[in-house]
Each structure stands twice: as C-alpha cells, then as structure tokens.
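Structure assessment
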Amino acid sequence: MAFTIFITAPKLAPAGQRILEDAGCRLLFMRDGNDAAEVAQILASEPVDAVISRTVALSGDAIRSCPTLKVISKHGVGVPNIDVAAASERGIPVYVTPGANAQSVAELTLGLMLAAARKVALLDAELRAGRWTRAQDGVQLAGRRLGLVGFGQVGQRVAKVALALGMEVEAFDPGLRGASPVEGVALHAALDSLLPRADVLSLHIPLTAHTRGLFDAARLALLPRGAIVVNTARGEVIDEPALIAALRSGALFAAGLDTMAVEPLPAGSALAALPNVVLTPHVGGSTAAALEGMATGAARNVLGFLRGQSPDLCACVNPQVFSQDHQSIR
C-alpha cells in the first residue's frame, strides 16, 4: 500500500527521503517551512497518512482536519510545536528521534561555551572593524565547575569533553536515579543546590509547563558572580529579561545561546546588542550528519507504525494512546 507522507518543510535529508521513496510513498513538501497556514491547508485537503514534523506549528485544528492522519513523527526530539494533546485525542501516536542529533548539539554547546568564555564573537567583530582589541579578561575553563541541567545523551557528551578539558562537572536531572552514567560527574538531588556551584551553566531540558521560565531572576541570582550561561535547549526555559539584566549588570560574565524566547530573533533584540552574548540561530542539530539521522529516524518511525511494526515506545511522547482504556474510548 502506498502511503502519503507530509513533511512540514521544503525538503528532507536524502537518506530519509530515499527510505520513504523506496517504500513507494507519496511525499508532500511545503513551499515555506515557516507557514502554519500552509500546514493547515495541506492537511485539510490531502489524504495524509503521516506527518514528519520539522519546526513549524502543527496545531490541534490542523490535526483534527485530517481524518486519514494516523501517526506523527518529530524530526528531532522537542515537540513544543506539535499539539500533542490533540493528537492523543485522536489516538495518534507522536514519535521523536532521540539521540539522532545529540552529538551535533553537544558539539555546538561546547563551541558556544568556549566562544563565550574567550569573547570570540566580540574579538572577531573588533578585528573586522579594524580595531586591535586584545581583551585580557577571557575565562580559562580548566579548573572551573560546569553545571549541567538535564543529563541525557547531549549532557553526557558535553560532560565527557568538559572533564577532558580539566573542568569539574556536576549535574541535575530529576529523571536519573542511582549512580551517575558518566564517571566523575556528581549528581545533585535538587536544582537549587547545583546552581551556586556552577561557574558555567549549560541547559539540556525540554520545554514543558514546568520548565517554561524555570531560570528566572531568582534562580539566575543563585549562580556565582561572573558565571557563564549556555542554552542549546529551548529559549523559553529562561526568563529572557532577567537574563539580559544579569548580563548587563555583570552578574553574569557571558551567555552562549542557540535558542531564544522568540524565533527568529526580532530586529532590535536586546540580546543582539549585548557584547557578552554569542548567538546562533537554533542550529544545534543542523549538521549534515544530524539532519540525516533525524530524517532516517523519522522516516522509520512513520513507516514502522503504518506497516504495523510500532517503533520503540520509548520514542513515543504519548504512549497512552496504546492503552486499552484509550483504545476503548476511541
């Protein structure tokens, strides 16, 4: 049976597209990967069996408008752009591709950490402007303490490199029990016990109702004076005005941010005007290797489900749709 697969982007990495084409699928792509109205129009007018969701919003109305829709897979791991509750109401499983971009995100985390510590963006801009500005206040990371909030696949990779650099590493992850999965990393039972010890704070947590605005002014104030904040998770987990105030006052030395509260970053953003901030446009998973891994993972998720070979439930964000009670409600 030929399936219709809707990819909410103008393209998919060749390896993932090849898996779907070899299975005889009909593929639908968007003209504009940022247009939620186009998503709604396609779902309302096409017999879509599965959606591979990139970054544009996949709303509840759009999901409900497509009676043929059976499965959704995120091209990545964060699902704040997908109305998971609406999918669950329809009994539609929503899968993710855990680990597919972990190495690439970890590498960018380390790049932002080093760039923030050594003022790479500022010094590069000064040189290009014809000024020989030799700042003497860069931060050497060896001997400093890295605090990781979220200690999954990305955080663990960051920890191993940080340890090799000579940093001390401590972490908080409420989902972990028992010994640390990385030797040499101390685990904290509470977030607020980690923060005063983190010369560098790196965030690796999903956006949920609990984590939205988790790092407000009070929590940022728990960090040692002159700390560095790195965020390759979701911009909304930080109270951005509080972060800006801490950077302006010198309470924080610098920040390295791949994610912001509003994306794309608005013109005139205060973040862009701060000399002690390094910014990248949410590209942690945007390497050829990561894009290929996410594309192939998402393709296998939707094909497996459509063929009756459900992917690992660990990759499903709403496994309750498979429960007997839920099935009886449907």
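Refer to the preceding data block for the structure.
Reference entry: report on the structure contained in this document.

How each quantity is defined
Residues numbered from 1 in each chain as written. Predicted model: local features only at pLDDT ≥ 70, side-chain atom pairs only at ≥ 80, totals over all residues. Heavy atoms only, no water. Helix = DSSP H or I, 4+ residues; strand = E, 2+ residues; numbered from the N terminus. Rg over C-alpha atoms; globule rule 2.2 N^0.38 Å. Contact = heavy atoms within 4.5 Å. Areas by Shrake-Rupley, 256 points an atom, 1.4 Å probe, with all protein chains shown as cover. Lys, Arg positive; Asp, Glu negative; His and termini not counted. Charge placed at Lys NZ, Arg CZ, Asp CG, Glu CD. Pairing = 2+ DSSP bridges. Axes fitted to C-alpha atoms, helices over the stretch in contact; angles between N-to-C directions. Patch = residues over 30% accessible without salt bridge, like charges linked within 9 Å, V, L, I, M, F, W, Y side chains within 5 Å. Salt bridge = Lys/Arg side-chain N within 4 Å of Asp/Glu carboxyl O. Buried < 20%, exposed > 50% of the residue type's maximum accessible area, 1.4 Å probe, protein only. Expected span 1.5 Å × (residues − 1). Phe/Tyr/Trp six-rings, centres within 6.5 Å; stacked < 30°, edge-to-face > 60°.

Turning next to the overall build of the chain. Across its full length, the chain holds 13 helices and 12 strands. Scaling as 2.2 N^0.38, a compact globule of 330 residues should have a C-alpha radius of gyration of about 20 Å, and the chain matches this with 21 Å. Each principal axis of the C-alpha atoms in the chain carries an extent, and together these give about 65 × 50 × 35 Å. Across the chain, the fraction of contacts at a sequence separation of at least 24, relative to all contacts at a separation of at least 6, is 57%. By element, 54% of the accessible surface of the chain is carried by carbon and sulfur atoms, the whole surface being about 15400 Å². Counting 28 positive and 29 negative side-chain charges, the chain places the averaged centre of each group 3 Å from the other.

So, about the sheet that holds strand E1 (residues 4-7). Strand order in this open sheet of 5 strands is E2-E1-E3-E4-E5, and the pairing throughout is parallel. At either end of the open sheet lies a strand with only one pairing partner, and these are strand E2 (26-29) and strand E5 (94-95). Examined bridge by bridge, strand E4 (residues 71-74) and E5 share 2 bridges and lie parallel to one another. Bridging across to E5, Ile-72 finds its partner in Val-94. Contacts from helix H12 (residues 288-306) reach E1, strand E3 (50-53), E4 and E5 within the one sheet, and its direction differs from that of E4 by about 165°.

So, about a nonpolar patch on the surface. Residues Leu-114, Val-161 and Leu-165 make up a contiguous nonpolar surface patch of roughly 220 Å² in combined accessible area. Since its relative accessible area comes to 38%, Leu-165 is described here as partly exposed.

Moving on, we get to the environment of Arg-144. Mapped onto the elements, Arg-144 comes out in the loop between helix H6 (120-128) and strand E6 (145-149). When the C-alpha positions of Arg-144 and Gly-24 are compared, they lie 54 Å apart, and in sequence the two are 120 residues distant. The contacts of Arg-144, once residues within four sequence positions are left out, are Val-139, Met-167, Glu-168 and Asp-199.

Let's shift gears to helix H5 (residues 102-117). With 16 residues, H5 should reach 22 Å at 1.5 Å per residue; the first-to-last C-alpha distance of 22 Å fits that figure. The complete set of buried residues in H5 reads Ala-102, Ser-104, Val-105, Ala-106, Leu-108, Thr-109, Leu-110, Leu-112, Met-113, Ala-115, Ala-116 and Ala-117. Looking one or two residues past H5, Lys-119 carries a phi angle of roughly 55°, positive in sign.

This brings us to the sheet that holds strand E7 (residues 168-172). Across the sheet, 7 strands lie side by side as E8-E7-E6-E9-E10-E11-E12; this open sheet has parallel pairing. For this open sheet the edge positions go to strand E8 (185-188) and strand E12 (277-279), each flanked by a neighbour on one side alone. Each strand of the sheet is rotated relative to its neighbour by a mean of 15°, with strand direction disregarded. As paired elements, strand E11 (residues 252-257) and E12 share 3 bridges and run parallel to each other. Bridged to Gly-256 within E12 is Val-278. The sheet strands contacting helix H10 (residues 240-249) are E11 and E12, and the helix crosses E11 at an angle near 135°.

What follows deals with the packing of aromatic side chains. Under the counting rule described, the total for this entry stands at 2 aromatic pairs. Measuring from centroid to centroid gives 6.5 Å for Tyr-95 and Phe-305, while their planes differ by 55°, and the two rings are tilted. Of this pair, Tyr-95 sits in strand E5 while Phe-305 sits in helix H12; the two residues are 210 residues apart in sequence, bridging distant segments of the chain. In this pair, the class of Tyr-95 matches that of Phe-305, namely buried.

Once that is clear, we can look at the side chain of His-75. Note that His-75 resides in the loop between E4 and helix H4 (84-89). When its relative accessible area of 7% is taken as the criterion, His-75 is described as buried.

Before going further, it helps to examine unusual backbone geometry. Cis geometry marks the peptide bond from Glu-263 to Pro-264, where omega comes out at -5°. Along the chain, the position of Pro-264 falls in the loop between E11 and helix H11 (270-273). The backbone of Lys-119 sits at a positive phi, close to 55°, despite the residue not being glycine. Here the phi dihedral of His-282 falls at roughly 55°; this positive angle occurs in a residue that is not glycine. Along the chain, the position of His-282 falls in the loop between E12 and H12.

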